[in-house]
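Below, each chain spelled out in residue letters.
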Amino acid sequence: MDRRSFIRNGIGSMATLGVGELILLNPSTAQAMAYRPVANGKQRKIKNNYKTATRVTSVCLNCSTVCGIEGFVQDNKVIKIRGNPLDPNMGSHMTCAKGQSGPNVNDYPERLLYPLKRAGERGSGLWKRITWEEAYEEIARRIRASVDAGHPERVCIHQGRSRIEAEIGRFLDAIGTPVLLNHRAICSSNKRAANYVSLGETDWESIDAERCTYFLNFGSNFYEAHQGGLHLVSRVVKARYDHGAKLVTFDVRLSNTAGRSDEWHQPFPGTEGAIALAMAHVIVRENEVDRDFIDKFVQPGLDTIRTWLAPCTPAWAAKLSGVAAADITRLALEFARKRPAVAAFTNRGTGAHYNGFNAERAVVMLNALVGSVAKEGGYCYGLDEKLSPARYPAPEPRPPKPTIRTDLEDPPEWPLANRWQKMKVGQVVFDYLRQGRAKLDVYLSYTIAAPMTWPEGRSTTVDVLKDEKLIPFHACSDVVYSEMAHYADMILPDATYLERWGMDIRNNMELQHFVTLRQPMVTPPGSATSFADVLFEIGKRLGPEQAKYFKFGKHEDFVRHQCSKLPTRGADGKVFKDGFDYMKHYGVYVDSAAPKPYEVYRKPLAAALVEGSRVDEKTRVIYKADDKGKEKAIGLMVGEVPVRGFTTPSRKFEIHAPEVAKVAATIGMVDDGLPTFHQVPSHVGLAADRLILTTFKWNVHTQGRTASQKYLAEIVHDNPMWIHAATAKKLGIKTGDTVELTTYRPLSGAVGDKAYRGTGEILGSATVKAFVTKGIHPRVVAVSNSLGGITGGRSCEGERGRRVEVAAKGLAPDAAQSFGPAPAVDDLEFGLWWDEKHGGRGSGVNINAILPINPQPLVGMQAWFDTVCSIRKIV
Ligand SMILES: Nc1nc2c(c(=O)[nH]1)N[C@H]1C(S)=C(S)[C@@H](COP(=O)(O)OP(=O)(O)OC[C@H]3O[C@@H](n4cnc5c(=O)[nH]c(N)nc54)[C@H](O)[C@@H]3O)O[C@H]1N2
Ligand SMILES: Nc1nc2c(c(=O)[nH]1)N[C@H]1C(S)=C(S)[C@@H](COP(=O)(O)OP(=O)(O)OC[C@H]3O[C@@H](n4cnc5c(=O)[nH]c(N)nc54)[C@H](O)[C@@H]3O)O[C@H]1N2
Ligand code: SF4
Ligand SMILES: [Mo]
């Protein structure tokens, strides 16, 4: 027997891996011997009995909608998920398909089970099983070294969809590092920034959809995705059936939302801002405005708006967007005449562009012009949608916030990225490290699949992840062997969202504050441990300065403390020991005492608040000094009445935001402070043979987290490139043909932004299959994300994973063979359905490999949907 005989091969053999033993996990071979000789065959034979199963409330996290759920648990197995009707957003037992498939991850035979330490080159896939104690000690030792060297900021956490911000924040604060990197800029930072600039109060609207009569949707696919899409769609459907509300969708592609709308319009990509401005032009020209609201609460005044909008005619927008001027005029008037119970809203189809920040603002502005902001049936928003420490206290003592800043989390090129909340500019992180703009000692990654989900994922991202000089130490928390884990030095197997604790909160379509509790339904397999507990254990092993913040116990104790101010008596009269027990029982707490914040800006200020304040003569803004003597705007004089107004600097809805212009000037950019339209620079004079490559999300997949779930992978495991029939005909392309797709880097714009602007040079090429359809703009091709995994187990990789393939691939036979034949009960071995027309396998392509890092000006959001491309038929 040679040495290799002692190396287990494939994640399926992890179950029997002893401490100190080696395992080889290679991309596209990791699944080959993948099976775990667990007795789930026996479990299969036990009939699911929902009557006797234990019902546990919790919170879904198969997407960012975080719905309240109930799980049915039998023999430490989640046999069924349904919605928790007490969740005011859900109000029923319904979930989406992804919610149903959640338990797939729990039971995935290719789960990560034990902490692993790299035993070969980084990225070679050779690992050694270690104990948790060894993992904690090594990470703590490395962090101590950074702190002792006076460089706490060289310790960072990079998270995707985390939902444990309070816990992660405590850990980083204790260390003294501000470097918490996230994915906001690759997700939705333009939309958030636009809401903050305009309204001040919130980063996300909660449309009062059930009472709304007209939905003007700019690039949200809320029938399939959108944050909170499930809750929006159920209400939109009701509004349409109950009182004939109209839904108009602007999308370059016939999404499920577009297909179910009353009207679908296909703008040229990145021209939504122009359409919204032209609609505003019509609304103002025809005086279909809410004059009272504008006069009292909008900055600037109507005359200035009219002058500014004068050149933005429907004909001007039609030329840019391809949407007929007559349609723009008609839709603008339909929308305005249904006021105030109307809502114009967006999502990434409008936001993920070079000009997305202004486009988002232009759409939000339409609501202000017709006075639907915070009106019943209008563009509403909640006020208290954060897990504030005042309401959900963390155990004492609490570490102070670090005061240092670094370019990595606060890059100076995008001064609006961190202005309202720390949105960061995540997509530049790997390149910044490469450029030496920041140094790291310890990189901890959590729920992030950057090689798949980031732009230049398989080039810039992977190059930097592999480089030990740039990232000297990387520990990755994941539930499956992801590509992120593959390039780590240590793997920390996590408990899934159905196996761990956490408090969760989101906006409520019913406009009341509410909170949910995530609690474990089952115990995790192997020694998988929730990342929050991992951080707390590391915290205890840092120096005494840090360890004192982690004396409260475990994550469960932390969460219990957060619940300490919640009620103990339920609406049904049940009495509980404490708020934690209340939450464990109901899963949800709704604060129904506060009234819905309709027209909250009109609320008169309390006399006590007004006392000692002063009114600025010119602006009528009311200022008052706080306890530290610092003057703050607290409201607005409307006539002789002091009212709350909006929480913007002018206390008005800001169409004109002087702050934006000021901030832009500090970095030498030209900005008029208005949501003025700028064409995407790379799209100006686009050559006839060039197209725009865009991407989209499926209803049954979420980012980098669902491809390992067999139910979902069976439904969608292929992502061909959508191309319009007329364009395809010109190029001689038919459905199923293989084409080469080549992408180009973005050009710089007139506003003076330079960072990550190229000269239109080639970025890369990918080979994709074509899907010819009339359901897409003729100048656009679209490839979905979420697929194309090369690790993540058989379900993710779209392979059945026959053991015999190992021999064919020339790999060493290993100890796994001594396990005997794979049990016939393993779905992934025999039962998984892959479409035969793809040769009986799935997986698709990962298009992010050829999408450029492309942060738009000021906010830094990734302009995903702007990429110029060309295509060539191969076969
Ligand atoms: N081309 C293209 N790319 C996109 C987008 C697009 O539209 N087009 N959309 C972008 C958007 S909106 C976003 S938000 C980002 C998201 O991109 P990410 O932040 O990378 O995605 P997530 O789905 O949050 O994280 C995925 C990783 O978390 C792991 N994971 C899943 N569950 C758990 C768990 O319980 N614990 C741990 N520790 N790990 C877990 C998964 O195995 C996977 O490795 O992607 C972006 N990427
Ligand atoms: N099923 C599912 N639900 C999800 C997620 C998921 O991955 N899957 N992810 C969650 C997350 S993190 C997010 S951020 C949200 C995102 O939710 P959405 O923003 O609703 O979804 P996307 O698919 O990113 O983009 C929306 C639409 O934009 C269209 N589009 C592309 N380019 C353009 C353009 O130039 N102009 C216009 N007008 N439209 C364009 C696409 O065809 C797509 O239908 O969804 C959340 N919910
Ligand atoms: S919408 Fe998202 S959070 Fe809600 S059930 Fe579906 S996957 Fe879960
Ligand atoms: Mo996102």
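Residues numbered from 1 in each chain as written. Chains lettered and ligands numbered in written order. Predicted model: local features only at pLDDT ≥ 70, side-chain atom pairs only at ≥ 80, totals over all residues. Heavy atoms only, no water.

Some thoughts on the site of ligand 3
Lining the immediate environment of ligand 3, one finds Cys60, Asn62, Cys63, Thr65, Val66, Cys67, Thr95, Cys96, Lys98, Gly99 and Leu230. Its residues assigned to classes, the shell around ligand 3 comprises six nonpolar, four polar and one charged. (Near = heavy atom within 4 Å. Nonpolar A, V, L, I, M, F, W, Y, C, P; charged D, E, K, R; others polar.)

Points about the site of ligand 2
Among the 33 residues in the neighbourhood of ligand 2, the closest are listed as His226, Asp251, Glu272, Arg348 and His701. One of the side-chain N or O atoms of Arg348 is found 2.6 Å from an oxygen atom in ligand 2. Its free accessible area being 910 Å², ligand 2 has 99% of it covered by the protein chains. Within the shell around ligand 2, the residues separate by chemical class into nine nonpolar, 16 polar and eight charged. A domain-level breakdown of the shell around ligand 2 finds at least three residues from each of domain 2 (204-370) and domain 4 (686-798 + 843-873). (Polar contact = N/O pair within 3.5 Å; in protein donor to acceptor, adjacent residues only side chain to side chain. Areas by Shrake-Rupley, 256 points an atom, 1.4 Å probe, with all protein chains shown as cover. Domains from an automatic or database assignment.)

Observations concerning the sheet that holds strand β4 (residues 68-74)
Ordered by their spatial adjacency, three strands build an open sheet running β3-β4-β5, and the pairing between neighbours is antiparallel. Single-partner strands in this sheet number two, and they are β3 (54-59) and β5 (77-83). Going across the sheet, the axis of each strand differs from the next one's by a mean of 30°, ignoring polarity. Relative to β5, β4 is paired through six bridges, and the arrangement is antiparallel. What sits directly across from Val73, in β5, is Val78. (Pairing = 2+ DSSP bridges. Helix = DSSP H or I, 4+ residues; strand = E, 2+ residues; numbered from the N terminus. Axes fitted to C-alpha atoms, helices over the stretch in contact; angles between N-to-C directions.)

Focus on the nonpolar core
Phe215, Leu216, Met279, Leu366 and Val373 are the most contacted members of the largest nonpolar core, which has 74 residues in total. Tallying contributions element by element places helix α10 (residues 272-285) first for this core, with ten residues. With residues up to four places along the chain from it excluded, the contact list for Leu366 reads Leu216, Phe218, Ala276, Met279, Ala280, Ile283, Phe335 and Ala344. (Core = buried A, V, L, I, M, F, W, Y, C linked by side-chain atoms within 4.5 Å. Buried < 20%, exposed > 50% of the residue type's maximum accessible area, 1.4 Å probe, protein only. Contact = heavy atoms within 4.5 Å.)

Focus on helix α19 (residues 457-466)
Helical geometry note: an α-helix holds 3.6 residues per turn, so side chains three or four residues apart project in the same direction. What α19 keeps buried is the set Gly457, Thr460, Thr461, Val462, Val464 and Leu465. Contacts made by the buried residues of α19 are with α17 (429-435), β15 (442-446), α18 (450-453), β16 (474-478) and α20 (483-486).

Side note on the packing of aromatic side chains
The full count for this structure, using the stated rule, is 33 aromatic pairs. Consider the rings of Phe536 and Phe550, whose centres lie 6.0 Å apart with planes at 40°: the pair is tilted. With Phe536 in helix α21 (residues 531-540) and Phe550 in the loop between α22 (544-547) and α23 (555-562), the pair connects residues that are 14 residues apart, well separated along the chain. Take Phe536 and Phe550: they sit in the same class, and that class is buried. (Phe/Tyr/Trp six-rings, centres within 6.5 Å; stacked < 30°, edge-to-face > 60°.)

Regarding the UniProt feature "domain: 4Fe-4S Mo/W bis-MGD-type" (unreviewed entry) in the protein chain
The feature "domain: 4Fe-4S Mo/W bis-MGD-type" (unreviewed entry), as given by UniProt, occupies residues 53-110 in the numbering adopted here. Secondary structure across residues 53-110 comprises 16% helix and 34% strand; the distance between its end C-alpha atoms is 26 Å. (UniProt positions renumbered as here; feature names shortened; annotations may be inferred.)

Some words on the packing of α10 against helix α14 (residues 325-337)
Angle between the axes and distance between the axes are the two parameters that describe a pair of packed helices. As a packed pair, α10 and α14 sit with axes 9 Å apart at the nearest point and diverge in direction by 60°. Classified by the angle their axes make, α10 and α14 are oblique. Of the two possible hands of crossing, α10 and α14 adopt the one that is right-handed. Residues Ile275, Ala278, Met279, Val282, Ile283 and Arg285 of α10 lie in contact with α14, whose contacting residues are Ile328, Thr329, Leu331, Ala332, Leu333, Phe335 and Ala336. Across the contact of α10 with α14, the residue classes tally to eleven nonpolar, one polar and one charged. (Parallel < 35°, antiparallel > 145°, perpendicular 65-115°, else oblique. Left-handed = near helix turned anticlockwise from the far one by under 90°.)

Remarks on empty space enclosed by the protein
It is a probe the size of a water molecule, rolled over the atoms, that shows where empty space is left. Counted under the stated rule, the structure contains six cavities of 30 Å³ or more. Computed from the structure, the second largest cavity encloses a volume of approximately 160 Å³. Along the wall of the second largest cavity there are 14 residues; nearest its centre are Tyr354, Asn358, Asp671, His678 and Pro857. For the lining of the second largest cavity, a count of residues per class yields seven nonpolar, six polar and one charged. Here the lining of the second largest cavity spans two domains, since at least three of its residues come from each of domain 2 (204-370) and domain 4 (686-798 + 843-873). (1 Å grid on protein atoms, 1.4 Å probe; cavity = no way out; pocket = protein on both sides within 12 Å on 5 of 7 lines; lining within 4 Å. Points joined across faces, edges and corners; volume = space filled by probe spheres on them.)

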